[in-house]
Amino acid sequence: QVQLVESGGGLVQAGGSLRLSCAASGSIFSINTMGWYRQAPGKQRELVARMSSGGSTDYADSVKGRFTISRDNAKNTVYLQMNSLKPEDTAVYYCNLLMARAYWGQGTQVTVSS
């Protein structure tokens, strides 16, 4: 069994920063990709950022230059540094882990006030 636990969400003013963390535990054998998705009310879940085990990254166009994803493989943890936050970044942010199948965390709420 695999569990993902996100933390770091909260309320922040526009222009502020947050750092999200996601720690994976359980039957971890070989992690391919870890990443972050988000879902705003009434919208579909979308990719925010992801990083492969080799360190390559992908970002949504809407967050490029503002968000940075990183990994600590020894801790099976992925981070998302979010700077220059905008109200449109408000969403539930979900951690995703890809091995033989995909695993999802419970999500952490990020709310950006204008």
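The coordinates are above.
Residues numbered from 1 in each chain as written. Predicted model: local features only at pLDDT ≥ 70, side-chain atom pairs only at ≥ 80, totals over all residues. Heavy atoms only, no water.

Trainee: How do you make sense of the state of the cysteines when you look at a structure like this?
Mentor: Using the criterion set out here, one finds 1 disulfide in the structure. Linked covalently through their sulfurs, Cys 22 and Cys 95 form a disulfide whose S-S length is 2.1 Å. Measuring handedness by torsion sign, the sulfur bridge of Cys 22 and Cys 95 sits at about -85° and is left-handed. Here Cys 95 lies in strand S9 (residues 91-98) and Cys 22 lies in strand S3 (residues 18-26), a separation of 73 residues in the sequence. For the residue pair Cys 22 and Cys 95, the accessibility class agrees, reading buried in each case. (Disulfide = S-S within 2.5 Å. Helix = DSSP H or I, 4+ residues; strand = E, 2+ residues; numbered from the N terminus. Buried < 20%, exposed > 50% of the residue type's maximum accessible area, 1.4 Å probe, protein only.)

Trainee: Just checking my understanding: could you explain the sheet that holds S3 for this structure?
Mentor: Strand pairing within a sheet occurs via backbone hydrogen bonds; the two strands may be parallel or antiparallel. Spatial strand order, S1-S3-S8-S7: 4 strands in an open sheet with antiparallel pairing. Of all the strands in the sheet, just strand S1 (2-7) and strand S7 (67-72) have a single pairing partner and so form its edges. Strand-to-strand twist of the sheet, defined as the mean angle between neighbouring strand axes without regard to direction, takes the value 15°. (Pairing = 2+ DSSP bridges. Axes fitted to C-alpha atoms, helices over the stretch in contact; angles between N-to-C directions.)

Trainee: What's the story with the environment of Leu 47 in this structure? I'm lost.
Mentor: Note that Leu 47 resides in strand S5 (residues 46-52). Taking the C-alpha atoms as reference, Leu 47 lies 21 Å from Leu 11; in sequence the two are 36 residues apart. Leave out the neighbours within four places in its chain, and Leu 47 touches Trp 36, Tyr 37 and Ala 60. (Contact = heavy atoms within 4.5 Å.)

Trainee: Just to check I follow, could you spell out unusual backbone geometry for this structure?
Mentor: A negative phi holds for most residues other than glycine; trans holds for most peptide bonds. Within the chain, Asn 76 stands out as a residue other than glycine whose phi angle is a positive 50°. Despite not being glycine, Ser 84 has its phi angle at roughly 50°, a positive value. By the secondary structure assignment, Ser 84 is in the loop between strand S8 (77-82) and S9. Owing to a relative accessible area of 41%, Ser 84 belongs among the partly exposed residues under this scheme.

Trainee: Explanation requested: the pairing of S5 in the structure shown.
Mentor: Consecutive side chains along a regular strand alternate between the two faces of the sheet. Sheet topology note: the strand S4 (residues 33-39)/S5 ladder contains 6 bridges and is antiparallel. By the bridge assignment, Tyr 37 is partnered in S5 with Leu 47. Linking two consecutive strands that pair antiparallel, namely S4 and S5, is a turn of 6 residues; a positive phi of about 80° is found at Gly 42 within it. Strand direction decides the pairing type here: S5 and strand S6 (residues 57-59), joined by 3 bridges, are antiparallel.

Trainee: Whenever I open this one, the pairing of S3 confuses me. Can you help?
Mentor: Here S1 runs beside S3; their pairing, made up of 6 bridges, is antiparallel. Across the sheet, the residue bridging to Val 2 is Gly 26, located in S3. The sheet contact formed by S3 and S8 spans 6 bridges and is antiparallel. Within S8, the position partnered with Leu 18 by the bridge is Met 82.

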